[in-house]
Structures are given as structure tokens and as C-alpha cells.
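Each chain, written out:
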Amino acid sequence: MATDRSSRYAEIVVAHSRLVVLVVLALTAVMLVGFVIADTEDAGIGEFETDSDETAALEYIDERYETDDRVVTQLVVRDRGGDDANGGETPTGDVLTRDSLLEGLRLQQDVRENASLNETLAEEGFVGLENVVATGAVFEDRAAEADGPPDTSAPTLEEQIAALESRSDEEVEALLADVLDPEADVQGDPYQFLPDSYEPGSTSAESRIVFLFQVDESGDDEEPQAAYDAQVEIESLFEERFDDGFVFGQGITDATSASAVGDSFAIITPVAFVLVLFVLGVTYRDVVDVLIGIVGIAVVMAWLAGLIGWLGIPTSQLLIAVPFLLIGLSIDYSLHVVMRYREARAGELEADSAGTTERRGVRSGMALGLGGVVLALAAATFSTGVGFLSNVVSPLPAIQDFAVLSAGGILATFVAFGLFVPALKVEVDSLLENRLGWNRAKPPFGVTPGRVNRALSSGVTLAKRAPVAVVLVAFLVAAGGAYGATGIDTEFNQADFLPQDAPEWAKSLPGPLAPDTYTIADDAAYLGDNFQERGEDAQAQVLIRGDVTDPAVLRAIEDARGAVDGDGTITTQADGSAAVEGPLTVIEDVASENETVANALEERRADGEAVPTEDLAGLYDVLFAADPDTAATVLERTDDGSYESARLLVSVRGDAAAQSVADDTRAFAGEVERGSAADGAPVTAVATGGPVTTAVIQDALLETLVQAFAVTLVVILVFLTLLYWVRHRTLSLGIVTLAPVVAALAWLLGAMALLDLPFNSETAVITSLAIGLGVDYSIHVGERFVAERERQPTLETALEATMTGTGGALLGSAATTAAGFGVLALALAPPLQRFGLVTGLAIVFAFLACLTVLPCLLVVRERLLERLGRAGA
């Protein structure tokens, strides 16, 4: 019955081929209209939202606290040593010299004198050790010149430069020694500008950091693009002033990543294009068929773009897998249609009672070939489409979009290659044969004797000789892969997305193909290893709710700061305590400039105690009276003057994995809770902030994708079981068809563990390709085997016909997609590297499983059924 329907479908497509081509092209034009008129947006990390205590706490903070919306740029001046005057090498340089400090101030002057750059600077602008030292020099000069009390207003940048220029190297070093004296009473903390390796009191250092605070008027929901663009320009000015060092900021990261992607594609695109065309050329051995296949892929991509537009799907990092999935499926579908058509024209698909074959014309050949393969295409489309669509139950909007777009694109692939391409090929081949006299009857790939035929038959040989052994080995390896997968790193680390420098062979490429030098990954590591970073990625938060006016809360915070492990992701200060800004540190900072706050703090401290021991609410009132904006960054004060909550700002390593930061911040928050409760002041402390919520989102995303894997496999198993039961009254064939897919997935996970590739939300989406393509491959083999089993006299000949016929199309598809996407492993951008490597492995494993495991399973199944039949007899 199903065969009759597929044959009628094929006959209708062939009989109305011209109409089919026109209708599909018209629908494609309609889809493209959606792409043209739509206004889609990028889905940032905010689109990946999930309900949790951490996200709720962050929303609470955003609503009730004064948050710092400034953009932070970090400039690291570095001198790692070099040749000395005698030709030797100095182990380290010194960036605290008069000349180096002056160069830093002149760089600031360069930026200030540039109108477009100056517009992006916040009120603080540049803050660095050169400013602290130069300000001290200005105050010295003012004190020497003043008859009365000296002017204590902040000096201008010009005054700072002039003050240092007027001093000798020795005088600047003496001034620096006063500023960096551990016992000195200096406003602010000059050590925050120096690396962790700096020895307090020393007047030399290998590096120093300068913070640049920027503002942008783009709006709360927009990227601060003006500030980001300014960072790139400032980097150029920095490189003119300093031989060593770097500028680090989101704008520079974005620009570098974009450049690395561009360089990657400049190198990879021609290689991939040549590889794909070469494999397609070898497979098709016909330029016309290659071009028809490319036209079909273009139709699929047009439908994909239209779906994004019509459905208003925002683009996100997850959607990068969709076009690659569809291109892989398109090549596979195209090869199956064309090769089955070629087999039909060559008379390979049917024989009369005498065993002779009949060659067919264009239309009859396509009718027979498409009729024999369209059911497999439809089954693969349904199973993979429904499998991906199962992700729509996810609570994450980005996963829902991924599910809908994947399913819609898979349907478009069937329209293009189960409808449009067969009709287009009929029209083109008819024109070439009837009008130009070209013979379009080409031999199918893999069927004719040769190396490819022998390679494809190898799986049949294994299935004949030792099917049980092959199955056991395959699933033992799969079990090992599954076990290895339990040790895969599941952390999401933003630093893993930073571009890597190109290998030497790439740098030797000629002219425009030669990539730039990329040191940003090393810069990020240096920054995290040596400095207390600033910016959203380098700061977690803790929201404390309860009686925050109880001194026990402040004592618990200080105790938790002192207990932090210096080897963790929370950065520590020179005294070993955690770099945490909270109510007490803010009070102390304001007290250093405000005598009223200083007196109020001292009155509430017991002898020898650093933490106030009484009337904390009154102290907070004094703080708000002196500096309400600063106080509002760490304390929530209601209209009636009571205090509802407190906020801690925790400095963390910006290059650390989000999950590690979340774990350490939660541990810190737990210490605050336990310490407060033990001292009679129970409060709740919730870890939150950018890195923490990123970890929560990524964990939820990964959990959803893993659940989707299970749902997908169950849905596909049920579908295949029903399909084979309705068509052939067998329940076992569905399990046999799906088993190689599971094995290939386990092999892939094991390979990822061996290659130290993380299994996070990024690679989990990519590994879904293993299921999508694996199911497609298995269905084609399973359907062809069932058909050949009815035609061929023995099990062995049926397997032989299946693997050399369908196997040829699978080999061409696997080789093309694996080559095209595998070359991405040569990219400079790590996400592209991982995408290429994992995708290539997924395709290779899916093909190998279908070439070796599936034939053996089919033989084992047949032999078991025969034994059961004989036993029943």
C-alpha cells in the first residue's frame, strides 16, 4: 500500500514537473519576502532566561539598587624584561619609572584631545597609578607655593603631566615610595593597580593596570557600541605609546572575534569549497547534477531565511547549527534522489523473470527512482523533524526557536529534494537529451565494480563472517564512550570563545590570506592571573535580606572574606582577604574623605574592633546623608528610613568558568548566612550577578538539551516501530535501525572526552547533528534493505545491493559534509574549531555505524527470526 502511494506520488511529480518547479519557486519567493521585510534582532544572553533564585535576586538588585552601568576598559602596561646594556637579559622590566608613568598620562591626554573618544569617557575617565603619583606631585607643589592652606581640588591632567615632567627620576621614585608605603595614609588603594606578584613597598613592578570608565547613550537595551568603538581606537593609541601591554574590553573582544572569524573563513572557505566540489564531482561525475544540487540547497537556505523572518525568530548562538544541519541533509537527500534515479535508468532496480534488466528514459526513470526513495526521505524528514521539534517543550525561548526553525528547515529540505529537485532534474535532463542530444544516463556511484564498491562491500563481508562479534565490539566501544562521557567538562567558559593565534603555516600564507596575530586569549589569562579585574564578567554579587542592621551580619561578611581560598575564582587583596565591596568597605572609603562619617564609624567601634558593634542603622543614616549615591550601591533604604537588604560586589576572575565562579560565590554566600545565624542574626544570602546567572542559564540549557536527546530518541523509536509495523508487520526493525545511531552518539561523546572537548550548551546543540544525520542514514539503509530483501533471493545479495546502492549515496553525503564542515577545525575562532571538529566526527561516526553495525544487526535479526520460526514449527 505504501509502495503504491509513493509510486503515485512520484508519477504525479514527474507528470507535472514544470508546474512543480514553478510552484516551489513561487513559494520560495514568498518565503524570501518574509526575510526582506522582517526586522529580526540578535538574542543576547538575556534571551536565555530561566526561573531561579539567582535570576530573581539579580532582578531585585536591578530594580532597587544604584547599579554601575559604566563600561570598563582595562589597560595593562607591561615590561617583561629584555636585553640590558651589556648584552645580557634582565629577568623583568619596570613600568613604574618616570618615563613610563608620563607615557601613561600622555596617552590619557591623547584620548582627551580626541573629541569622539572624549565623549565616551565617564566623569572618572582614566584611573591609574600614574594619576595617583602625579596628583601627589601636584599637591606637593601646591603646598610649597601656598602661603595659606593649599588647594586640595583635583588637579587637571595637564597639571599632573607638568608636575611629573618637572621632577627627576629620583624624585619620582621617592614620591612613588611614599605612595606605595604600606604604612602610608593614601586616599584609595594604590595596590589595586599592581599585579598580585608585587611586593608591598617596592618601587618597581613588571606591570600595572589602568581602568578607563566609559559611558554610552545607546539606551538600556542597546549595546554601548560607541564605547566599544572607542576602545578599538584607544588600543591603537596605546600601541603607539607602549611596546608591551594590551587594552582589554568587550569592544576589543568583539572586534578581535569578528576579525578572527573573517580570517578563518578567508582561509577555510576556498579549501572547503574545493573539497566539497571535489567530492561532489567524484560522486556525481557530472557538472549538471552538481549545479542542480546547489540550486536545491539555495532553495532550502531561502526557506530558512524566510522562516526566520516570517516567524520573527531572533538570531542566537544556538541557531548556528541549523544551516549546517540542513546543508548536510540537503546533500544527503540530493545524492539519494539522483543515485536512485541513475539506478532506475540503468535498470538496477528491477529485473524480469529471466533476470535481465530494462533501461529507462528520463521520466520513467525518475518515477521509479523517486518512488523507491521518497518514503525513506519522508520517514527521515518526519523522524528528524519531530525529534528536533521535541525541544519546543523547553522553558527557554532560544531552545524553542531552535526547535521550530530546525523542524521547519527539515521540512523545507524535503520540499526541495523530494519535490523540487526531482522535477527540475526531469526538466533539465529532458531538455539536454531531447534538444541537445546529450546522454544523461549516468552510472550510479558505488554500484559499478571498483575501489568504492569494494569499500562499501566491506560491511557486508563483516556481516557475513562475524556479525555478532562486530555488534559486541561496537557496543563495548559505545559503553566505553558513554563511561568516558561522565567525565566530560560541562562548564561554560567565556574565555573559551576568545580567538587563538594562527599556526605558523597559516601566517606564511600569501597576501590577504595571511591572518592577523591574535593574543587576546593570552591577554585574558594574564589579566586574570595578575590583577583584580573590573567589568560585568569579573564581578559576582550577593544579595543579603533580613536584619542587615545587626552588626553580626557585618562580622559574618568580614569572616567570610577572610576565609576565601586564594586559589579559587574570587580574587583576593594584598592582605589575603577577598576583594568584596559591601556596606563596611563603602563606609570606610567615604570615611577617608568625610570627617563626619569617620567620626560616626569610630564612635561605633569597640576597642580593637574593625567592625562597628552598635547602632548600625544610625551609621547607615550618616552614610546616606554624606554620599547617598554611593550608599545606594550596597544598601536598600526604604521611604520610611528602614533597611531591607544589603548587596555585596564580589570580584572574580573574568577568565574563569561561569560554573566555578557560581560555586565559589555560593560558598561565600553560604558562609555569610551561617556566620550571621550563628551570631543570632539569621539572614538569607543569595549568590547572583552576571557570571552566576550565566552558569544557571547554561546549566538549564544543557539539562534541556540532554532531556531533548532522550525525548528525540524515544519519539524516533516509536515512529520507526510504527512505520515498520504498518508496512512490514515487524516490531524489531525500528530498534535495529535506531541502534547504530545510539552507538554513534556514544562514540562521539567518548571522542569528545578523549579530545578534552566540553559538553556544554554549545556542543550539545552540535551533537544533535549526530542524531539528525545518523537517523537519516539508518532509515535509508533500513528502507533499502527491506525493498531488496523482497527482490533478492538471499540475505547476502540483499545486503550487497543495499550497501553498494544506498551506501554509495551515503558515502558521497558523508564525505562531502564531513570535508566541508571538518575544515572548520582549522579556524582561529574556538567556537568554529569545535563546531567543525564535533560535526565532522558526528558525520563520520554516523556513517561508520551504518556501514558496519547496521548490516551486522540486520543479519543477526534475520538469523534470530529464522531460528524462532524453525523453533515454532
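Predicted model only: the values in this text are computed from it and were never measured.

Thresholds applied
- Residues numbered from 1 in each chain as written.
- Predicted model: local features only at pLDDT ≥ 70, side-chain atom pairs only at ≥ 80, totals over all residues.
- Heavy atoms only, no water.
- Core = buried A, V, L, I, M, F, W, Y, C linked by side-chain atoms within 4.5 Å.
- Buried < 20%, exposed > 50% of the residue type's maximum accessible area, 1.4 Å probe, protein only.
- Helix = DSSP H or I, 4+ residues; strand = E, 2+ residues; numbered from the N terminus.
- Contact = heavy atoms within 4.5 Å.
- Phe/Tyr/Trp six-rings, centres within 6.5 Å; stacked < 30°, edge-to-face > 60°.
- Lys NZ or Arg CZ within 6 Å of the ring centre and 35° of its normal.
- Pairing = 2+ DSSP bridges.
- Axes fitted to C-alpha atoms, helices over the stretch in contact; angles between N-to-C directions.
- Patch = residues over 30% accessible without salt bridge, like charges linked within 9 Å, V, L, I, M, F, W, Y side chains within 5 Å.
- Areas by Shrake-Rupley, 256 points an atom, 1.4 Å probe, with all protein chains shown as cover.
- Salt bridge = Lys/Arg side-chain N within 4 Å of Asp/Glu carboxyl O.
- 1 Å grid on protein atoms, 1.4 Å probe; cavity = no way out; pocket = protein on both sides within 12 Å on 5 of 7 lines; lining within 4 Å.
- Points joined across faces, edges and corners; volume = space filled by probe spheres on them.
- Nonpolar A, V, L, I, M, F, W, Y, C, P; charged D, E, K, R; others polar.
- Polar contact = N/O pair within 3.5 Å; in protein donor to acceptor, adjacent residues only side chain to side chain.
- pLDDT = per-residue confidence, 0-100.
- Left-handed = near helix turned anticlockwise from the far one by under 90°.
- Expected span 1.5 Å × (residues − 1).

A. Structural view of the nonpolar core. With 137 residues, the main nonpolar core has Leu 405, Trp 747, Met 752, Phe 759 and Tyr 777 as its most contacted residues. The dominant element in this core, judged by the number of residues it contributes, is helix H29 (residues 830–872), at 18 residues. For Tyr 777, the contacting residues outside a window of four places in its chain are Asp 332, Leu 810, Ser 813, Ala 814, Thr 817, Ile 843, Ala 846, Phe 847 and Cys 850. Membership of the second largest hydrophobic core comes to 54 residues, among which are Leu 164, Leu 194, Val 247 and Ile 520.

B. Spatial organisation of the packing of aromatic side chains. In this structure the tally under the stated criterion is 9 aromatic pairs. Consider the rings of Phe 193 and Phe 211, whose centres lie 6.1 Å apart with planes at 45°: the pair is tilted. Here Phe 193, found in the loop between helix H8 (169–179) and strand E3 (207–214), pairs with Phe 211, found in strand E3; they are 18 residues apart in sequence, far enough to count as distant. Each of the two residues, Phe 193 as well as Phe 211, counts as buried. When the ring of Phe 624 is compared with that of Tyr 643, the centres are 5.9 Å apart and the planes differ by 45°; the resulting orientation is tilted. Pair noted here: Phe 624 is in helix H22 (residues 616–626) and Tyr 643 is in strand E8 (residues 643–651), with a separation of 19 residues, a long-range link. As far as burial versus exposure is concerned, Phe 624 and Tyr 643 are alike and both buried. Sitting over the ring of Phe 213, Arg 70 keeps its end group 4.2 Å from the ring centre. Sitting over the ring of Phe 624, Arg 637 keeps its end group 5.1 Å from the ring centre.

C. Broad picture of the sheet that holds E3. If you walk across this open sheet you meet the 4 strands as E2-E3-E1-E4, and the pairing is antiparallel. Two strands lie at the open edges of the sheet, namely strand E2 (121–127) and strand E4 (245–248), each paired on one side alone. Pairs of neighbouring strands in the sheet enclose a mean axial angle of 10°, with direction left out of account. Relative to E3, E2 runs antiparallel, the two sharing 3 bridges. Opposite Phe 126, over in E3, you have Leu 212 as the bridge partner.

D. Broad picture of a nonpolar patch on the surface. A cluster of nonpolar side chains, Val 30, Leu 32, Val 33, Phe 35, Val 36, Ile 37, Trp 310, Leu 311, Leu 389, Val 392, Val 393 and Val 404, forms an exposed patch at the surface whose accessible area comes to about 1100 Å². Among the elements that line the nonpolar patch, the one with the most residues is helix H2 (residues 17–37), at 6 residues. The topology assignment puts Val 404 in helix H14 (residues 397–434).

E. Seen up close, the environment of Phe 402. With respect to the secondary-structure elements, Phe 402 resides in helix H14. Placed 263 residues apart in sequence, Phe 402 and Phe 139 show a C-alpha to C-alpha distance of 61 Å.

F. Geometry of empty space enclosed by the protein. Per the counting criterion, the structure on display carries 5 cavities of 30 Å³ or more. In terms of lining residues, the second largest cavity is bounded by Leu 280, Tyr 284, Val 290, Gly 293, Ile 294, Ile 297, Ser 330, Ile 331, Ser 334 and Leu 335. The set of elements that each furnish at least two residues to the lining of the second largest cavity consists of helix H10 (250–284), helix H11 (287–311) and helix H12 (321–346). When the residues that make up the lining of the second largest cavity are grouped by side-chain class, the tally is 7 nonpolar, 3 polar and no charged.

G. Seen up close, unusual backbone geometry. The phi angle at Arg 285 is positive, at roughly 55°, despite the residue not being glycine. Overall, the relative accessible area of 42% leaves Arg 285 in the partly exposed class. Located in the positive-phi region is Asp 756, a residue other than glycine, with phi close to 60°. Of note, Asp 756 is situated in the loop between helix H26 (732–754) and helix H27 (761–791).

H. Focus on the side chain of Gln 160. For Gln 160, the position within the fold is in helix H7 (residues 157–165). Overall, the relative accessible area of 7% leaves Gln 160 in the buried class. Side chain to side chain, Gln 160 and Asn 131 meet in a polar contact 3.1 Å long. In this view, Gln 160 contacts Leu 105, Asn 131, Ala 134, Thr 135, Val 138 and Pro 155; residues no more than four positions away in its chain are not counted.

I. Layout of the confidence of the model for the protein. On average, residues of the protein carry a pLDDT of 84, and 91% of them reach 70 or more. Summarising per-element confidence for the protein, the mean pLDDT is lowest in helix H17 (residues 504–507) (69) and highest in helix H4 (residues 98–113) (95). Here residues 83–90 is a poorly scored stretch, pLDDT under 50, and it has 9 contacts once near neighbours within four places are set aside; other chains count. Low pLDDT, under 50, characterises residues 351–356; the stretch is placed with 3 contacts to residues that sit more than four places away or in other chains.

J. Region of interest: the packing of H4 against helix H9 (residues 225–241). Two elements in contact, H4 and H9, have axes separated by 10 Å at closest approach and are oriented at 145°. Like other packed secondary-structure pairs, H4 and H9 cross with a definite hand, here right-handed. Judged by residue contacts, Glu 103, Arg 106, Leu 107, Asp 110 and Val 111 of H4 engage Ile 234, Leu 237, Phe 238 and Arg 241 from H9. Among the residues forming the contact of H4 with H9, the class breakdown is 5 nonpolar, no polar and 4 charged.

K. Layout of the environment of Leu 319. Examined against the element boundaries, Leu 319 turns out to sit in the loop between H11 and H12. Between the C-alpha atoms of Leu 319 and Asp 141, which are 178 residues apart in sequence, the distance is 61 Å.

L. Examining helix H3 (residues 53–64) more closely. A rise of 1.5 Å per residue sets the reference length of H3, with its 12 residues, at 16 Å; its end C-alpha atoms lie 16 Å apart and thus fit the reference within 8%. For H3, the complete set of buried residues consists of Glu 54, Thr 55, Ala 57, Leu 58, Tyr 60 and Ile 61. Those residues of H3 hidden inside the fold are in contact with strand E5 (539–546), strand E7 (635–637), E8, helix H24 (658–678), strand E9 (683–688) and helix H25 (690–728).

M. Region of the structure containing the pattern of salt bridges. Within this structure, the stated rule accounts for 38 salt bridges. For Arg 208, the salt bridge is made with Glu 130, and the minimal N-O distance between the two is 3.1 Å. Here Glu 130 lies in helix H6 (residues 129–145) and Arg 208 lies in strand E3, a separation of 78 residues in the sequence. An identical accessibility class is assigned to Arg 208 and Glu 130; each is buried.

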